[in-house]
Amino acid sequence: SLDTTAATLAQGATKQLVVTGTMSDGSTKDITNSSEGTTYTSSNSAVATVDANGLITVLPTATVGYKTVILANNNGKTASCTVTVGSAAVTVNSISLDTTAATLAQGATKQLVVTGTMSDGSTKDITNSSTGTTYTSSNASVATVDANGLITVLPTATVGYKTVISAKNNGKTASCTVTVGSAAVTVNSISLDATAATIGQGVTKQLVVTGVMSDGSTQDITNSSTGTTYTSSNLAVATVDANGLITVLPPATVGYKTVITAKNNGKTASCTVTVGSGAVTVNSISLDTTAATIVQGATKQLVVTGTMSDGSTKDVTNSSTGTTYTSSNTAVATVDANGLITVLPTATVGYKTVISVKNNGKTASCTVTVGSAVVTVNSISLDTTAATIVQGATKQLVVTGSMSDGSTKDLTNSSTGTTYTSSNTAVATVDANGLVTVLPTATVGYKTVISAKNNGKTVSCTVTVGSTGVAVNSISLDSTAVAIGQGLTKQLIVTGAMSDGSTKDITNSSTGTIYTSSNLAVATVDANGLITVSPTAISGYKTVITVKNGTKTASCTVTAGISGPTVTSISANLSTVTLAKGATQQLNVTATMSDSSTKDVTNSSTGTTYASSNTAVATVDANGLITILPTATSGYKCNITINNNGKIITCTVTVAP
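The structure displayed is predicted, hence computed values, not measured ones.

### Observations regarding the overall build of the chain
Here's step 1: Helix and strand counts for the chain stand at zero helices and 69 strands.
Here's step 2: Compactness check: the chain gives a C-alpha radius of gyration of 35 Å against a globular reference of 26 Å for 657 residues, more than 25% above the reference.
Here's step 3: Sequence separation of at least 24 residues holds for 50% of the intrachain contacts in the chain that already meet a minimum separation of 6.
Here's step 4: Carbon and sulfur atoms make up 52% of the accessible area of the chain, which totals about 31,800 Å².
Here's step 5: For the chain, the separation between the mean place of its 32 positive charges and that of its 28 negative charges on side chains is 4 Å.

### Focus: the environment of Ser 42
Here's step 1: The topology assignment puts Ser 42 in strand S5 (residues 39-42).
Here's step 2: Overall, the relative accessible area of 23% leaves Ser 42 in the partly exposed class.
Here's step 3: Sequence separation between Ser 42 and Ala 656 is 614 residues, and the spatial gap between their C-alpha atoms is 79 Å.
Here's step 4: Every residue in contact with Ser 42, bar those within four places of it in the chain, is listed here: Ala 48, Thr 49, Val 50, Thr 68, Val 69 and Ile 70.

### Considering the sheet that holds strand S12 (residues 109-111)
Here's step 1: The strand order across the open sheet formed by three strands is S12-S17-S16, and the pairing between neighbours is antiparallel. One side of each edge strand has no neighbouring strand; the edge strands of this open sheet are S12 and strand S16 (143-145). On average, each strand axis in the sheet is inclined to that of its neighbour by 15 degrees, with strand direction left out of account.
Here's step 2: Where S12 lies against strand S17 (residues 150-153), three bridges are found, and the strand directions are antiparallel. Looking at the pairing, Thr 109 lines up with Thr 152 of S17.

### Observations concerning the pairing of strand S48 (residues 447-454)
Here's step 1: Covered by surrounding structure in S48 are Thr 448, Ile 450, Ala 452 and Asn 454 only, the residues Lys 447, Val 449, Ser 451 and Lys 453 on the alternate face being uncovered.
Here's step 2: Here four bridges tie strand S45 (residues 419-422) to S48, and the two strands are oriented antiparallel to one another. Note that in S48 the partner of Thr 421 across the bridge is Ser 451.
Here's step 3: Inspection of the sheet shows S48 paired to strand S49 (residues 457-466) by eight bridges, in the antiparallel sense. Paired with Lys 447 across the two strands is Thr 464, which belongs to S49.
Here's step 4: Remark: two residues form the turn of the hairpin made by S48 and S49, two consecutive strands paired antiparallel; Asn 455 in that turn has positive phi of roughly 55 degrees.

### Focus: the nonpolar core
Here's step 1: Ile 531, Val 558, Ile 626, Ile 640 and Val 653 are the most contacted members of the largest nonpolar core, which has 45 residues in total.
Here's step 2: Looking at this core, the element that brings in the most residues is strand S59 (residues 552-561), giving four residues.
Here's step 3: Those residues in contact with Ile 531 that lie beyond four places of it in its chain are Ile 484, Leu 488, Thr 489, Lys 490, Leu 492, Ala 523, Thr 524, Val 525, Ile 545 and Val 558.
Here's step 4: Ala 292, Met 308, Ile 355 and Cys 366 belong to the second largest nonpolar core, which has 24 residues in total.

### Some details on the sheet that holds strand S36 (residues 333-335)
Here's step 1: A sheet is described by the order of its strands in space; here three strands give the open sequence S32-S37-S36, paired in antiparallel fashion. Lying at the two open borders of the sheet, with one neighbouring strand each, are strand S32 (299-301) and S36. Each strand axis lies, on average, 15 degrees off the axis of its neighbour in the sheet, ignoring direction.
Here's step 2: One ladder, built from three bridges, connects S32 with strand S37 (residues 340-343); its direction is antiparallel.

Cut-offs applied
Residues numbered from 1 in each chain as written. Predicted model: local features only at pLDDT ≥ 70, side-chain atom pairs only at ≥ 80, totals over all residues. Heavy atoms only, no water. Helix = DSSP H or I, 4+ residues; strand = E, 2+ residues; numbered from the N terminus. Rg over C-alpha atoms; globule rule 2.2 N^0.38 Å. Contact = heavy atoms within 4.5 Å. Areas by Shrake-Rupley, 256 points an atom, 1.4 Å probe, with all protein chains shown as cover. Lys, Arg positive; Asp, Glu negative; His and termini not counted. Charge placed at Lys NZ, Arg CZ, Asp CG, Glu CD. Buried < 20%, exposed > 50% of the residue type's maximum accessible area, 1.4 Å probe, protein only. Pairing = 2+ DSSP bridges. Axes fitted to C-alpha atoms, helices over the stretch in contact; angles between N-to-C directions. Core = buried A, V, L, I, M, F, W, Y, C linked by side-chain atoms within 4.5 Å.

Below is the structure:
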């Protein structure tokens, strides 16, 4: 079918036909373009022609009142439009703008584009004032607009203020709301934390670069990601890496110099490095913290920094640098050879111990207080930091918190204290529980930043408006009913039947699929469809796992069974690992059960055993914690053998240099 079966067009005017095909599967599709197999003919090319893609052009010499029939043909199916030559007195029926909302920085400009729908059904660019279009700004102290639609935001305009730009032609109007955004901040000048340094042979020093920005603020721009680059004038003396770490070469001659130059946005600063003698000693030490409250059973890694005799600084945390640690009360907390503090699970809340650190006769200390096991949010993360969502579509954000006790927790729901905001609600909104909705009127390509906040910690996801693409027509599961043993898991697989006739795996939450369980006392389901039956679930009890993507749903009934499945195979999180002397690494072992479910069998209580082929290199405890001996030789290896129910795998451990 055509968008019109009759049209009157003025001499010299054009009109684009739109052809819609009804497909064999009942769907409809735009088949206007010749690439879709559509062909066009005109019955009288002295009146009007039609190109390969359906653009009709009435000849300037065509006689008013004459007609031609434009015929569209695809797969033997035809439709037609009768074109009559009208008089050339074509007027503007309505107008539209290329955008109805824009955020522009102070001092920035934007050219509006105005399109007129004409009285003969054609369209015309009427941006220029010569076509009769006029423009006004509702607030000239925010932004002005010239005679041809060029918007200019005043440099003095207040961020967040708005003005409405109105375009008018032949009594028809359209408008664009302009919001003042903050101006792009650039680097005005840079400085280094040191302009001269004496560094021993083989020693390093980290430069710190500070930028004075165009908005008057200062910013750490040390990292190369900020645009800062570094060069050394004499690579035989010292090198400098992409992020400003200077390394004096071990064979560099004492007294020789090099100039390290830092550059950002055309601004430069330099530091002259002189090679000092290699006998660099520790002058003083400092800790990353002098007081810490740690809950029962928790750990904290101290970081020790040495100020060296040549003025440089060095990480001297590891015992290999000569640093030693003691605890004044080992009934409260212990500290290992490399500064890892562990508060005893039996320590009394409020009790204290002093962790003393010593290197080259220099000391520093940290007072550790036993805290109650109140768990707070340390940091948060999103399941995605960028998403393209089509107009009118939604996406559920998932927020995960890293807690003060080392655990992780789903903090998506507002009841956990998480709040959400959208930087541009004309693009997309976000509800109290993190459901992002792109407005049906949002402009394709426009963006908004969705921020999630909990306990002062924030993360964000940039949402870009995508063009309306392939949607989910229906969804199905790999299983609609399943019995799972107590304490066991099963991964659901979700398949979407798409609007273009294809199928797609939409199991992952990143595809917009969400999961719920009707009875959490029987089984839970995570964001990506992993079902876990509670170890305490009563055999025979049921829950319904509901899966939703958009408005399409499917469900699986889960029955809690008696834990009878056996181990058919096992796998570990690591097959090879390289560890420093004195370091530890926890193995995690997963079993595939006879009912195809999976189970964590790391703990010895599940029947898993561990053995080391060389205990002079590394030991492994009953629950899979590998420990490299401090006396182990660099480069030496051993195999950790893991056995459960006669199923055996190994992990090769290498001692780091």
